[in-house]
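Summary of the model geometry
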Amino acid sequence: MTKLTALVIKWVLIALALAGVLWIATQLAIAGNTMAVIVAGMVGIGILAVYGTRRNVPLKYLLPGMLLLVAFQLWPIIFTASLSLTNYGDGHLISKEETVTDIIAQSVREVPNSPRYRMSVATREGASATTGDLVLLLTKPDGTTFVGEPGGLEPLPAEGVEKTTTGKITKAPGYTILTAREVNARSKDLSALAVPTGDGGGIKPVGLSEAFEGKPSVTYDAAADRLTDSSTTPPTVYEPKNARWVSTADPSVAFPQGWQENVGFSNFSRIFTDETLRAGFAKIFVWNLVFAVVSVLSTFLLGMLIALLFNDPRLKGKAVYRSLLILPYALPGFITALVWRGMFNQDYGLINGTLGLNVDWLGSPWGAKAAILITNLWLGFPYMFIVCTGALQSIPQDVREAATIDGANAFRTLRSIIMPLLLVAVGPLLIASFAFNFNNFGLIYLLTKGGPFDGNDTSIGSSDLLITYAYRLAFSGSAPNYGFAAAVSVVIFIIVALMTIPAFRQTKALEEVN
Amino acid sequence: MHKRAFGAVAVTGVAALALSACGGSEPAAPSNPTPGTSSAATTTGEPETPTGTAAPVRDANVDLVIWTDPDRSKPVQKYADEFAAENGVTVKVQISTDTRAQFKDATKVGKGPDVIVGAHDWLGELVQNSTVAPINLSADVASKFLPNAIAATKFNGQAYGVPYAVENIGLMYNKDLVPNPPKTMDELVATGEKLVKEGKAKQVLSQFVSKTGNAYFAYPYLSAFPDGGIFAVKDNGDYDPNKLLVNSPGSIKGGEVLAALGKKKILSTNVDDTNQDALFDTKAAPFMISGPWSVAKAKDAGVNYGIAPLPSLTGGGAMKPFLGVQMFYVSSKAKNATLAQEFVTNYIPRKEVQLALFEVGKRPPALKEAYDEVAASDPDVKAWYEAGADGLPMPNIPAMNSVWGPFGQATADIISGKSDPKTRLDAAAKEIAANIAKG
């Protein structure tokens, strides 16, 4: 390849990458995310600076990995951590200003005994359909016609007015009636329009051809920062408290709409001060550790023993056995978990049925834990079996022969020769398996949903892992609270990180065997 | 070399699994910010199906966007087309696999639809997050609907939707074994136990309980007694989150019935969603407490089923089920608010629309006129409606989210005999109250 072609290819690739960044930036600009556009621009400059010049050779290799690291590892961590300092969750998704306009808009009620009008939306003749002031041409049930404007309601002379059988005006001299599409395009202006009828009420449109007289019962006093609801006697006054509008007279009365705000470290202090949470957290953490350790050890031991057995040259038909053993791994884990859930059913399940037992597997704390470990053993051992088979086959035969010649028996050979060599290859995978099982959400969720729940409390289940616990807090719990769940996630992250450090030190030690 | 490559593959696999498992705990990502490719007039034809389970992408070039579940998409599409032709606009019906969550996420980033089809008990959450707009039906249109259906569209006295169907649970019985449905629970138990003794059935009743409990199915046992239930009702018809009835004397009586039935193994925590229908359809149980969704399966299995109101309990009255109401909502952030309001207030109350929507789920229509027409020809619909005649709409206040878990678990613990009714319901009430205070 000549130098020129290489250069052309290089610049084409750079141009493609920059075009990609530009496209992402325009999409972000459409979404109105200024910060992200700036970041995308900086990434673009970075790509140009690293690949467009001859300097920074190491960076040429590192940049793609670094970008992915930031996008998929660092950003989620930073995002979660920042979320954990807010009260973000159901009922706290919008801003305070939005709650005020929303509460007032939703307090509008139809004025009792007021008529329903047939309505057409129009502009004055000559005015533009897209920008001109809107007027409502209204027909009362008795057939009298009116013009409604922000200024008020005026009678519309019947001369020249044409109506449909239902009373909707289709033609009026001096006005241009808008089409459905034109009206829809001005939905915003239309929703802001209320024809005042005195007494604080107004005529508002419903859809394209009907209008009603409504009146909001809530008013906002910006100076005092209070909402007043006059539909109750006496009127209820609401003040901002804990990111919601709470009645000054009765603190149990509040509007459902709350707003998002920063709460500092209160989510974290709740984790460590709430008695149920603290006790539960410790309980869940212990079971989580036990679950991960026992899962790894049991799957590894079973997988390794079977691998050793099938590694024996004297065994016939190994290919068939091996394929059969991989089956549990080949089936989708979700289906397997659900099948096991059915088998563990106390009354109708296969396990109690064939063994003649009456164990309440999924309804008792120890039964549920045992059921989970058994299912995970079934799901996990084929993987360990594959890995160990591969590793065993790579251990040279002469090492074993040397051991036999030195007079070591089978057990001694296994312990002192095969195991250390096997662990070098498998050790890092055991750590990966541990980390996976530590967060094995799917299994727990499909098998027990974290239950059974004992001690009259449904926030902490006896087979919960930290991850299923955080999920329940965030999504399916009583009041979905993303901010609090983010705080729990941050704590889990720190715990897992702390545990991983010694584990990786340990694998380094294993590598020194070679 | 071989070994190392193999290991690398395995590690990647584990990492991918770990990633997908962790994915569950992250807040669901808002829908892809790519705007739909322009398709000016897609008003006719098939509703747009999503790829996978991701939220549909809102089409910016359409005058009205409706999100619905796959089942209802066909009839909604048909009348959306009619609406489009009549008003000279374009309408797009998109299928959403999880409307409740996808609507919340998409609306938050300004990419939500104008109209959604959903259940009435989402309402509290939607109002709380300020994502639905009030709907002002005129009094004479509202009076054409079943009163309970209209009541269910209201929150804090304001109406937020137009209903099209009601659903509730009732008693399904096998006519081959039981010619006449029992009127009381005692009668049901006696009949069932006799059949078991004669070897014609394996168990008396199939009811969804499960290890974690099911509040929806357990509630009628409490509501059979005066002041038994979950929340007291305020003067304006709303449920009052500050007045819990979970451990009222009436509810405790209901709890005692659950305990007694659990002791006799008539109710069991080993019956759940996986085997409830199978027990009835294989004729192992002559009675099942379930809803309209179980009918198709029973029909396929060739069971000669009948539908009756829930039986009454000794010392109390009839078991009153929760009513669920299906309705059309308009988004408060709708880009096409006017057309959305027009479609929902002017099209959904039409008889032919209600009849078309009935065909897909076979749930009693919410419009009286449509219900009368179907009930005359379909005895099942009439039976379901009558089974729910004195039911109350399921609470739609946000506080209900705090009830499902603790209350369901409490009933499961009472049925399994782990705890006695009074202690357990007191504890549940305490937990629910604490959760409501936190929310």
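Every value quoted in this text rests on a predicted model; they were computed, and no experiment measured them.

On to the overall build of chain B. Along its length, chain B carries 17 helices and 14 strands. The proportion of buried residues among the 439 residues of chain B is 59%. In chain B, once contacts between residues fewer than 6 apart in sequence are set aside, the share between residues at least 24 apart is 76%. Of the roughly 16,900 Å² of accessible surface on chain B, a fraction of 56% belongs to carbon and sulfur atoms.

All names here are of chain B. Within the structure shown, the criterion is met by 2 cavities of 30 Å³ or more. Roughly 40 Å³ of volume is contained in the largest cavity. Along the walls of the largest cavity sit P75, V76, Y79, F328, F343, I348, V353 and L357, which together make up its complete lining. For the lining of the largest cavity, the elements supplying multiple residues, two or more each, are helix 2 (73–87) and helix 13 (351–361).

This part takes up the domain arrangement of chain B. Residue and element names in this part refer to chain B. Its domain assignment divides chain B into domain 1 (64–167 + 324–393) and domain 2 (168–322 + 396–437). Put simply, the middle of domain 1 and the middle of domain 2, counted by C-alpha atoms, are 28 Å apart. In this complex, domain 1 contributes 26 residues to the contact, which on the side of domain 2 involves 24 residues. If you look at where domain 1 meets domain 2, you find 0 salt bridges. Linking domain 1 with domain 2 are 7 residue pairs in polar contact (both at pLDDT 80 or more), by the criterion used here. When contributions to the side of domain 1 that touches domain 2 are tallied by element, the ones reaching two or more residues are helix 4 (123–128), strand 4 (154–155), helix 15 (379–387) and strand 14 (392–393). For the side of domain 1 that touches domain 2, the class distribution of residues is 8 nonpolar, 8 polar and 10 charged.

The next subject is the pairing of strand 10 (residues 239–244) of chain B. Where strand 9 (residues 231–233) of chain B meets strand 10 of chain B, 3 bridges bridge the pair, whose relative direction is antiparallel. Bridging from a neighbouring strand, B:A232 pairs with B:D240 of strand 10 of chain B.

Turning next to the packing of aromatic side chains. Tallied over the full model, the rule gives 28 aromatic pairs over all chains. Centre to centre, the rings of A:F310 and A:Y321 are 5.5 Å apart; their planes meet at 10°, and the pair counts as stacked. Taken together, the positions of A:F310 in helix 8 (residues 275–310) and A:Y321 in helix 9 (residues 318–330) put the pair 11 residues apart, joining distant regions of the chain. On the basis of an interplanar angle of 35° and a centroid distance of 5.6 Å, the ring pair of A:W340 and A:F344 is categorised as tilted. The burial state of A:W340 is the same as that of A:F344; both residues are buried. Taken together through their ring pairs, the aromatic side chains of B:F83, B:Y164, B:F328, B:F343 and B:Y347 make up a single cluster. Over the aromatic face of A:W366 sits the side chain of A:K369, whose NZ or CZ is 4.9 Å from the ring centroid. Positioned over the ring face of A:Y445 is A:K449, at 5.3 Å from the centre of the ring.

The extent of an interface is frequently quoted as the accessible surface area lost upon association of the parts. The interface of chain A with chain B comprises 67 residues on the first partner and 76 residues on the second. Summing the contributions of chain A and of chain B, the shared interface buries around 5,800 Å²; its carbon and sulfur component is 53%. Inspection of the chain A/chain B interface yields 5 salt bridges. Taking the shortest distance from any N to any O, the salt bridge between B:D63 and A:R181 comes out at 2.8 Å. At the junction of chain A and chain B, the tally comes to 30 residue pairs in polar contact (both at pLDDT 80 or more). Partitioned by chemical class, the residues of the side of chain A that touches chain B number 30 nonpolar, 22 polar and 15 charged.

Right, let's get into the UniProt feature "transmembrane region" (unreviewed entry) in chain A. Residues and elements named next belong to chain A. Here the UniProt feature "transmembrane region" (unreviewed entry) sits at residues 29–51, 63–85, 285–310, 319–340, 370–392, 413–436 and 482–504. When the span residues 285–310 is considered, its composition is 100% helix and 0% strand, and the gap between its end C-alpha atoms is 37 Å. End C-alpha to end C-alpha, residues 370–392 measures 30 Å, and it is 100% helix and 0% strand.

Right, let's get into unusual backbone geometry. Geometrically, the link from A:T233 to A:P234 is a cis peptide bond, its omega value of -10° lying close to zero. Unusually for a residue other than glycine, B:K283 sits at a positive phi of about 65°. Relative to the helices and strands, B:K283 is located in the loop between helix 10 (276–281) and strand 11 (287–290). Under the relative-accessibility criterion, B:K283 is labelled partly exposed at 36%.

Turning next to the packing of helix 12 (residues 365–393) of chain A against helix 14 (residues 410–438) of chain A. All names here are of chain A. For the pair helix 12 and helix 14, interaxial distance at closest approach is 10 Å and the crossing angle is 145°. By crossing handedness, the relation of helix 12 to helix 14 is classed as right-handed. Across from N376, Y383, M384, V387, C388, A391 and L392 in helix 12, the residues of helix 14 making contact are I418, L422, A425, V426, L429, L430, S433 and N437. Residues belonging to the contact of helix 12 with helix 14 are distributed by class as follows: 12 nonpolar, 3 polar and no charged.

The rules behind the values
- Residues numbered from 1 in each chain as written.
- Chains lettered and ligands numbered in written order.
- Predicted model: local features only at pLDDT ≥ 70, side-chain atom pairs only at ≥ 80, totals over all residues.
- Heavy atoms only, no water.
- Helix = DSSP H or I, 4+ residues; strand = E, 2+ residues; numbered from the N terminus.
- Buried < 20%, exposed > 50% of the residue type's maximum accessible area, 1.4 Å probe, protein only.
- Contact = heavy atoms within 4.5 Å.
- Areas by Shrake-Rupley, 256 points an atom, 1.4 Å probe, with all protein chains shown as cover.
- 1 Å grid on protein atoms, 1.4 Å probe; cavity = no way out; pocket = protein on both sides within 12 Å on 5 of 7 lines; lining within 4 Å.
- Points joined across faces, edges and corners; volume = space filled by probe spheres on them.
- Domains from an automatic or database assignment.
- Salt bridge = Lys/Arg side-chain N within 4 Å of Asp/Glu carboxyl O.
- Polar contact = N/O pair within 3.5 Å; in protein donor to acceptor, adjacent residues only side chain to side chain.
- Nonpolar A, V, L, I, M, F, W, Y, C, P; charged D, E, K, R; others polar.
- Pairing = 2+ DSSP bridges.
- Phe/Tyr/Trp six-rings, centres within 6.5 Å; stacked < 30°, edge-to-face > 60°.
- Lys NZ or Arg CZ within 6 Å of the ring centre and 35° of its normal.
- Buried area = accessible area lost by both parts, 1.4 Å probe.
- UniProt positions renumbered as here; feature names shortened; annotations may be inferred.
- Axes fitted to C-alpha atoms, helices over the stretch in contact; angles between N-to-C directions.
- Left-handed = near helix turned anticlockwise from the far one by under 90°.

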